[in-house]
Amino acid sequence: MHAAWMRGDNTDQGQESTVVAGLKKILLVDDHAFLRDALAEVMARAFPGVQVLQAGDLQGADHMLEAHRNIDLLLLDLDLPDGDGLDALGRLRVRSGARLVVMSANDRPDTIWRALDLGASGYLPKSLTAGAMLAALNTVLAGGIHVPASALRAAAGGGGGGGTPPDLQAMGLSPRQTDVLGLLVEGVANKVIARELDIGEATVKTHLTAILTRFGVATRTQVVVEMARRGWRVPHRQRLSD
């Protein structure tokens with residue numbers, strides 16, 4: 001299966017990413033050399049000056065992490081010759097200290113949610129076009145979380161709540177915290193949430209702490225997972241970028 005961005009079916013493949021500050025090294029872990037080379041070319045165009053490293057299996061990834069201790073972004077395929085990427089995901093994320101994003105031909109919702117549960121900052125089906133892939137990576141690099149729309153739709157369709165959560169206020173969330181939650185589940189970073197809501201970033205963090213407490217979870221990703229699994233949606237708030 002060739003990824004959409006390899007087939008050149010997106011007109012904005014050559015666009016540069018808008019989020020490059022602090023990004024110095026990317027590690028691609030995939031057993032298909034041709035695909036890695038093509039993806040490395042896309043990354044080099046999107047993130048000028050960034051070093052793109054490659055590994056064809058988990059052993060190679062470990063060697064790269066031994067030699068390069070300042071990886072900023074790790075893209076991980078799941079189907080590798082020397083092990084299951086999901087089984088190695090948590091270990092690689094902790095060892096690298098990088099934002100880890102899964103990029104896989106497997107777009108089953110249960111696989112996507114498991115990867116996010118294990119600490120991935122995003123999941124990119126290989127069917128994505130180059131423009132969509134880079135937009136998702138920009139979200140992750142800005143501190144957000146990328147969840148494929150297909151996984152959100154599947155979770156909403158099978159969730160117990162269905163539609164707008166009826167009891168966010170009953171959970172103790174204020175109207176402003178609900179606004180923050182709505183942007184959080186879209187994968188928006190704290191700095192952008194602060195700008196959208198015209199509040200300080202420290203205030204955003206305070207609201208996020210309250211949201212995590214109310215949901216009984218420890219991370220933003222777990223909130224996204226819980227919202228999707230329950231089929232809950234926060235009513236859309238008009239954004240500055242809309």
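Located above this text is the structure these notes cover.
Everything quoted here is computed from the prediction, not taken from an experiment. (Residues numbered from 1 in each chain as written. Predicted model: local features only at pLDDT ≥ 70, side-chain atom pairs only at ≥ 80, totals over all residues. Heavy atoms only, no water.)

Draft legend 1. Here's a closer look at the sheet that holds strand β6 (residues 99-104). The five strands lie next to each other as β2-β1-β3-β6-β7, forming an open sheet whose pairing is parallel. Whereas interior strands pair on both sides, the edge strands pair on one side only; in this sheet they are β2 (51-55) and β7 (122-125). Between one strand axis and the next, the sheet turns through 20° on average, direction left out of account. With four bridges connecting them, β6 and β7 associate as parallel partners. Residue pairing across strands places Val101 opposite Gly122, the latter belonging to β7. Along the sheet face, helix α2 (residues 33-46) touches β1 (25-29), β2, β3 (73-76) and β6 and points at about 165° away from the line of β2. (Pairing = 2+ DSSP bridges. Helix = DSSP H or I, 4+ residues; strand = E, 2+ residues; numbered from the N terminus. Axes fitted to C-alpha atoms, helices over the stretch in contact; angles between N-to-C directions. Contact = heavy atoms within 4.5 Å.)

Draft legend 2. The arrangement of the pattern of salt bridges in detail. Going through the model one piece at a time under the given rule, you end up with 10 salt bridges. Salt-bridge contacts for Asp179 lead to Arg176; the nearest nitrogen and oxygen are separated by 3.3 Å. Pair noted here: Asp179 and Arg176 are both in helix α8 (residues 175-184), with a separation of three residues, about one helical turn. Judged by its relative accessible area of 30%, Arg176 falls in the partly exposed class. Residues joined by salt bridges that share partners form a network here, namely Asp62, Glu66, Arg69, Arg91 and Arg95. (Salt bridge = Lys/Arg side-chain N within 4 Å of Asp/Glu carboxyl O. Buried < 20%, exposed > 50% of the residue type's maximum accessible area, 1.4 Å probe, protein only.)

Draft legend 3. The environment of Ser96, seen in detail. By the element assignment, Ser96 lies in helix α4 (residues 85-96). For the pair Ser96 and Ala61, spaced 35 residues apart in the sequence, the C-alpha separation amounts to 9.8 Å. Setting aside chain neighbours within four positions, we find Ser96 in contact with Leu65, Ile71 and Leu74. A distance of 3.4 Å separates a polar side-chain atom of Ser96 from the backbone oxygen of Arg93. (Polar contact = N/O pair within 3.5 Å; in protein donor to acceptor, adjacent residues only side chain to side chain.)

Draft legend 4. Looking closely at the pairing of β6. Of all the six residues making up β6, five are buried; the element is thus mostly covered by neighbouring parts of the structure. The pairing of β3 with β6 spans four bridges and is parallel. Bridge pairing in β6 places Leu74 opposite Leu100. Remark: the β6/helix α5 (residues 109-117)/β7 crossover connection has right-handed handedness. (Right-handed = clockwise from strand over helix to strand, strands pointing away.)

Draft legend 5. Quick look at helix α10 (residues 201-215). In a regular helix each residue adds 1.5 Å, so 15 residues correspond to 21 Å; α10 covers 21 Å between its end C-alpha atoms and thus fits that length. Among the residues of α10, Val204, His207, Leu208, Ala210, Ile211, Leu212 and Phe215 are the ones counted as buried. The first or second residue beyond α10 is Gly216, which carries a positive phi of 70°. (Expected span 1.5 Å × (residues − 1).)

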